Amino acid sequence: LTFLLIITGAARVIVRSVIDRSAAILLQPHLYFSCDDDFMDFGDGSVYVAIMAALATLLAAAMGSAGSHYNSFGLLPTLIISPLAGVLATLVMAGIIHVLCKALGSQGDFGDSFQISASAAVFIPISQLLGAFSLMLVSIGWTWWVVSRGVIGVHRVEPRKAEIVFALLSASLLLIAATND
């Protein structure tokens, strides 16, 4: 019984932490990225991304999304695969962010780029939800805003340069997504 109470308490702390972090990223990214109190290293960031990917899978299942992978593989395998795929995609996106930031003169390291990329994982379930209502453009624009705030706050890149470069990246990703549909 004591073990069960400890596990339940730990789960509540994790859930509260994920909710607080997500709210800070979504509502005040400029403050979130300028504060060192909640820096996501590879471990914390990977767990956060995995939680967001699993949440998106559960949302897809609940909404009955036709294009979702859970329809092909089943819910349980997708709940295993999607967090792994999310973490891998986050690492790739961190690499892209890092190369662009270095080109813009940043002295930040890959960990800084990973924090920005992992923070953007909050949009995985949001995109799932907004995509059901044909509002994916809202999610892409919001993601651009959060990533550009991260690049400005963490990598100390000039704001106008960050906004333009990452707007072009977002537009490119939107174009790729549109041509694949």
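Conventions adopted
- Residues numbered from 1 in each chain as written.
- Predicted model: local features only at pLDDT ≥ 70, side-chain atom pairs only at ≥ 80, totals over all residues.
- Heavy atoms only, no water.
- Helix = DSSP H or I, 4+ residues; strand = E, 2+ residues; numbered from the N terminus.
- Contact = heavy atoms within 4.5 Å.
- Patch = residues over 30% accessible without salt bridge, like charges linked within 9 Å, V, L, I, M, F, W, Y side chains within 5 Å.
- Areas by Shrake-Rupley, 256 points an atom, 1.4 Å probe, with all protein chains shown as cover.
- Salt bridge = Lys/Arg side-chain N within 4 Å of Asp/Glu carboxyl O.
- Buried < 20%, exposed > 50% of the residue type's maximum accessible area, 1.4 Å probe, protein only.
- Expected span 1.5 Å × (residues − 1).
- Phe/Tyr/Trp six-rings, centres within 6.5 Å; stacked < 30°, edge-to-face > 60°.
- Lys NZ or Arg CZ within 6 Å of the ring centre and 35° of its normal.
- Polar contact = N/O pair within 3.5 Å; in protein donor to acceptor, adjacent residues only side chain to side chain.
- Core = buried A, V, L, I, M, F, W, Y, C linked by side-chain atoms within 4.5 Å.
- Axes fitted to C-alpha atoms, helices over the stretch in contact; angles between N-to-C directions.
- Parallel < 35°, antiparallel > 145°, perpendicular 65-115°, else oblique.
- Left-handed = near helix turned anticlockwise from the far one by under 90°.
- Nonpolar A, V, L, I, M, F, W, Y, C, P; charged D, E, K, R; others polar.

A.B. asks: What exactly am I supposed to notice about the side chain of S117 here?
C.D. replies: Take S117: it is sitting in helix 6 (residues 110–119). In contact with S117, other than residues within four places in its own chain, are T90, M93, A94 and I97.

A.B. asks: Any chance you could explain a nonpolar patch on the surface here in plain terms?
C.D. replies: Together, M63, L129, F133, L135 and V138 give the surface a local cluster of nonpolar side chains, amounting to about 420 Å² of exposed area. Note that L135 resides in the loop between helix 7 (123–131) and helix 8 (136–154). Given the relative accessible area of 36%, L135 is considered partly exposed.

A.B. asks: Looking at this structure, how should I read helix 5 (residues 75–103)?
C.D. replies: Side chains that are three or four residues apart share a direction in an α-helix, a result of its 3.6 residues per turn. For helix 5, built from 29 residues, the straight-helix expectation of 42 Å at 1.5 Å per residue is met to within 8% by its first-to-last C-alpha distance of 41 Å. Positioned one or two residues after helix 5, G105 has a phi angle of 100 degrees, which is positive.

A.B. asks: Teacher, can you tell me more about the packing of aromatic side chains here?
C.D. replies: When we look at a pair of aromatic rings, we describe it by the centre distance and by the angle of the planes. Enumeration over the complete set of coordinates arrives at five aromatic pairs. Consider the rings of F42 and F114, whose centres lie 4.8 Å apart with planes at 45 degrees: the pair is tilted. Taken as a pair, F42 in helix 3 (residues 42–63) and F114 in helix 6 lie far apart in primary sequence, 72 residues in all. The ring centre of Y48 lies 5.6 Å from the NZ or CZ of R21, which sits over that ring.

A.B. asks: I'm lost on the side chain of H155 in this one. Help?
C.D. replies: As for its position among the elements, H155 is in the loop between helix 8 and helix 9 (159–180). Classification of H155 as buried rests on a relative accessible area of 3%. At a separation of 2.9 Å, a polar atom in the side chain of H155 contacts the side chain of S113. Residue contacts for H155: discarding those within four places in its chain leaves H98, C101, S106, G108, D109, D112, S113, I116 and G150.

A.B. asks: When you look at the environment of A85 in this model, what are you seeing that I'm missing?
C.D. replies: As for its position among the elements, A85 is in helix 5. Overall, A85 belongs to the partly exposed group, its relative accessible area being 42%. The spatial distance from the C-alpha of A85 to the C-alpha of A50 is 8.6 Å, given a sequence separation of 35 residues.

A.B. asks: Please explain the nonpolar core as it appears in this structure.
C.D. replies: For soluble globular proteins, nonpolar side chains are generally found buried alongside one another. Formed by 31 residues in total, the largest nonpolar core has its most connected members in Y48 and V151. Put simply, the parts of the chain that give this core at least two residues each are helix 1 (2–27), helix 2 (29–34), helix 3, helix 5, helix 6, helix 7, helix 8 and helix 9. Considering every element that reaches this core, the biggest residue donor is helix 8, with five residues.

A.B. asks: Help me out: how do you make sense of the packing of helix 3 against helix 5 in this one?
C.D. replies: Relative placement of two packed helices is described by the angle separating their axes and the distance separating the axes. In contact at an axis separation of 8 Å, helix 3 and helix 5 are set at 135 degrees when each is read in the N-to-C sense. As judged from the angle between their axes, helix 3 and helix 5 are oblique. Like other packed secondary-structure pairs, helix 3 and helix 5 cross with a definite hand, here right-handed. Together, S46, V49, A50, A53, A54, T57, L58 and A61 of helix 3 and L75, T78, L79, S82, P83, G86, V87 and T90 of helix 5 make up the contact between the two elements. The residue inventory of the contact of helix 3 with helix 5, partitioned by class, reads 10 nonpolar, six polar and no charged.

Note that every value here comes from positions in space, so none of it alone points to a role or purpose.
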